[in-house]
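Chain residues, written in single-letter form:
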Amino acid sequence: MAQVKVDFDTLQKLSIASRTKYGMGGAVQHGASTLPMELFDKFPQTGTTEIHLATEFQNIVYEHPDFPAPLKTEIYAWLKKECANEAKAGESDAQFYYKTRKKALGPFKDRLWGLPDAIRDSLTNALAEKVDQLFKKLNIGGTGPKIKPFVKLSETPVPQPGSAAAAAAEHFEGDD
């Protein structure tokens with residue numbers, strides 16, 4: 001996998017222009033999942049308003065040592081069948097799975113949510129650790145009270161397995 005290179009000077013110029021000329025928040029950085037953690041403190045300095053990291057969170061789950069190997073094998077077999085038309089000539093299986101495995105999250109949602117508590121807890125803890133690191137690097141910890149006046153929350157019940165709901169409530173209890 002190639003490392004993403006970020007031109008922080010250009011990012012800052014785009015953020016300034018988006019705010020001053022267009023009344024928008026700032027630039028958005030796509031493809032940041034392969035960036036080293038030591039670069040993330042530069043984003044607040046440039047006025048970047050969004051950093052897209054879905055692939056990084058997906059990697060944490062799929063590559064975690066506690067993720068069940070038989071389930072991963074089943075997911076990859078499903079991808080090979082259902083997404084075969086997306087394979088590129090000369091592409092390795094690893095490259096194919098890396099770019100398509102996000103498509104398995106929906107069809108395998110029940111299986112993923114139904115993982116044993118110990119495995120889900122392990123995956124959740126790994127994700128929470130990454131989020132904590134990012135919050136520190138991006139200097140956004142404790143910002144809840146600053147945004148509360150501008151964000152209206154609404155209750156949207158989403159059925160979850162009981163243990164997942166309890167784990168989420170325990171992890172985020174008291175966070176702003």
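Right, let's walk through the structure included here. Everything numeric here is computed off the predicted structure, so don't read it as measured data.

Conventions used here
Each residue is numbered by its place in its chain's sequence as written, counting from 1. Note on the predicted model: pLDDT of at least 70 is required for a residue's local features to be given, and 80 or more for side-chain atom pairs to be given and counted; whole-chain, interface and lining totals, by contrast, use all residues. As a rule here, side-chain values come from all non-hydrogen atoms in the structure, and water together with hydrogens is ignored. Ring pairs are drawn from Phe, Tyr and Trp, using the six-membered ring of Trp, whenever the two centres fall within 6.5 Å, and their geometry is named by plane angle: stacked under 30 degrees, edge-to-face over 60, tilted for the rest. Over a ring means this: the NZ of a Lys or the CZ of an Arg is within 6 Å of the ring centre and within 35 degrees of the ring normal. Starting at the N terminus, helices and strands are each numbered in turn, a helix being any DSSP run of H or I of at least four residues and a strand any DSSP run of E of at least two. Two N or O atoms count as a polar contact when they lie within 3.5 Å, although within protein this holds only if one can serve as hydrogen donor and the other as acceptor, and sequence-adjacent residues are included solely when both atoms are side-chain atoms. In what follows, residue pairs with any heavy atoms lying within 4.5 Å of each other are defined as contacts. Here an angle of 0 to 180 degrees is reported between the N-to-C directions of two axes, which are lines fitted to C-alpha atoms, with helices fitted over the stretch in contact. In this scheme, roughly parallel covers angles under 35 degrees and roughly antiparallel covers those over 145, while 65 to 115 is roughly perpendicular and the rest are oblique. Gly falls in the polar group here, along with every residue not listed as nonpolar (Ala, Val, Leu, Ile, Met, Phe, Trp, Tyr, Cys, Pro) or charged (Asp, Glu, Lys, Arg). Accessibility here uses a 1.4 Å probe with only protein chains present; expressed as a share of the type maximum, an area under 20% marks a residue as buried, one over 50% as exposed, and anything in between as partly exposed.

**Here we look at the packing of aromatic side chains**
Per the counting criterion, the structure on display carries six aromatic pairs. Here Lys80 stacks its cationic end above the ring of Phe96, 5.5 Å away from the centre of that ring.

**Description of the side chain of Glu56**
Structurally, the position occupied by Glu56 is in helix H3 (residues 54-62). At a separation of 3.3 Å, a polar atom in the side chain of Glu56 contacts the side chain of Lys130. The residues touching Glu56, leaving out its near neighbours within four places in the chain, are Ser33 and Lys130.

**Digging into the packing of helix H4 (residues 69-82) against helix H5 (residues 93-100)**
Where H4 meets H5, the closest approach of the two axes is 10 Å, and the angle between their N-to-C directions is 90 degrees. One way to sum up the angle between H4 and H5 is to call them roughly perpendicular. Residue-level inspection shows Tyr76, Leu79 and Lys80 of H4 in contact with H5, the latter providing Asp93, Phe96, Tyr97 and Thr100. Taken together, the residues of the contact of H4 with H5 sort by class into four nonpolar, one polar and two charged.

**Points about the side chain of Thr46**
In this structure, Thr46 sits in helix H2 (residues 42-46). You can call Thr46 buried: its relative accessible area is 7%. Other than its neighbours up to four places away in sequence, Thr46 contacts Phe8, Leu11, Gln12 and Ser15.

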